[in-house]
Amino acid sequence: MRRSQIDYGRLVENALRTVVRDVLERLGREGAPSPHHFYITFRTHHPGVSIPEFLRDRYPTDMTIVLQHQFWDLAVDDDGFGVTLSFNDQMQRLRIPFSAIKVFADPGVEFGLQFTLEEDGERRSGEPIRLLGGVGRQTPEEGEAESAAPAEGGAEIVALDRFRKK
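Residues numbered from 1 in each chain as written. Predicted model: local features only at pLDDT ≥ 70, side-chain atom pairs only at ≥ 80, totals over all residues. Heavy atoms only, no water.

Asker: Honestly, the side chain of T44 in this entry has me stumped. Any pointers?
Answerer: With respect to the element layout, T44 can be found in the loop between strand 1 (38-43) and helix 2 (53-58). A polar contact is formed between the side chain of T44 and the backbone oxygen of Y59, at a distance of 2.8 Å. In this structure the side chain of T44 is engaged in a polar contact, spanning 3.2 Å, whose partner is the backbone oxygen of P60. Ignoring sequence-local partners within four residues, the contact set of T44 consists of V49, I51, R56, Y59, P60, T61, D62 and M63. (Helix = DSSP H or I, 4+ residues; strand = E, 2+ residues; numbered from the N terminus. Polar contact = N/O pair within 3.5 Å; in protein donor to acceptor, adjacent residues only side chain to side chain. Contact = heavy atoms within 4.5 Å.)

Asker: Teacher, can you tell me more about the sheet that holds strand 4 (residues 80-87) here?
Answerer: Within a beta sheet, neighbouring strands are joined by backbone hydrogen bonds and run either parallel or antiparallel to one another. One open sheet accounts for three strands, arranged 3-4-5; its pairing is antiparallel. Both outer strands of the open sheet, strand 3 (72-76) and strand 5 (90-97), are each paired with one neighbouring strand and no more. Across the sheet, the mean angle from the axis of one strand to that of its neighbour is 20 degrees, orientation sign disregarded. Each of strand 3 and strand 4 is contacted by helix 1 (residues 8-30), which is oriented at about 145 degrees to strand 3, the strand it contacts most. (Pairing = 2+ DSSP bridges. Axes fitted to C-alpha atoms, helices over the stretch in contact; angles between N-to-C directions.)

Asker: How should I be thinking about the environment of V66 in this particular structure?
Answerer: By secondary structure assignment, the location of V66 is in strand 2 (residues 62-67). Since its relative accessible area comes to 3%, V66 is described here as buried. Taking the C-alpha atoms as reference, V66 lies 5.5 Å from F38; in sequence the two are 28 residues apart. (Buried < 20%, exposed > 50% of the residue type's maximum accessible area, 1.4 Å probe, protein only.)

Asker: How do you make sense of the confidence of the model for the chain when you look at a structure like this?
Answerer: In low-pLDDT segments, the atomic positions of the prediction should not be examined closely. Overall, the predicted model of the chain reaches an average pLDDT of 79, with 69% of residues at or above 70. Confidence drops under pLDDT 50 across residues 125-156; counting only partners more than four residues distant or on other chains, this segment forms 74 contacts. (pLDDT = per-residue confidence, 0-100.)

Asker: In this structure, what is going on with the pattern of salt bridges? I would like to understand it.
Answerer: As a working rule, side chains carrying opposite charge can pair if their charged atoms are close by. Applying the stated criterion across every chain, the model contains eight salt bridges. A salt bridge links E25 to R21; the nearest nitrogen and oxygen atoms lie 3.8 Å apart. Remark: R21 and E25 occur in helix 1; sequence separation between them is four residues, near one turn of the helix. Here E25 falls in the partly exposed class, since its relative accessible area comes to 29%. (Salt bridge = Lys/Arg side-chain N within 4 Å of Asp/Glu carboxyl O.)

Structural data, given as structure tokens:
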């Protein structure tokens, strides 16, 4: 008889993606009450990501968007969300599956989640993402997407690595 192991890392990341979904649903209904604003870093080539080609060219691996005041038509479902943002004064629709998200942060209250598992359950390698003066390695430039003043002192990201078997 084969004993299967419980994949706690996957279960916890799935639960935390539900937190992201619930927050975005609330944002769509009520807007972002001060001091909340959201940085979302996602993999641009993940299956199901739909962004304009010029953004995919500019951000070939990761992209960070900010949801605070200037976003439109936020639609959230079980698999992901769609939102319209302004890039160079052009409205563009983005569709991002929750499984593509690498970092979700709310610097206004110093909260962040970092997702470290790929679809196949393998852990991502690479440098940690810091929340000091912005989130992620590639952030939108002024006028491309809603910008927000960085939180003083940054925010703590909850990473699940400390709970994983090494």
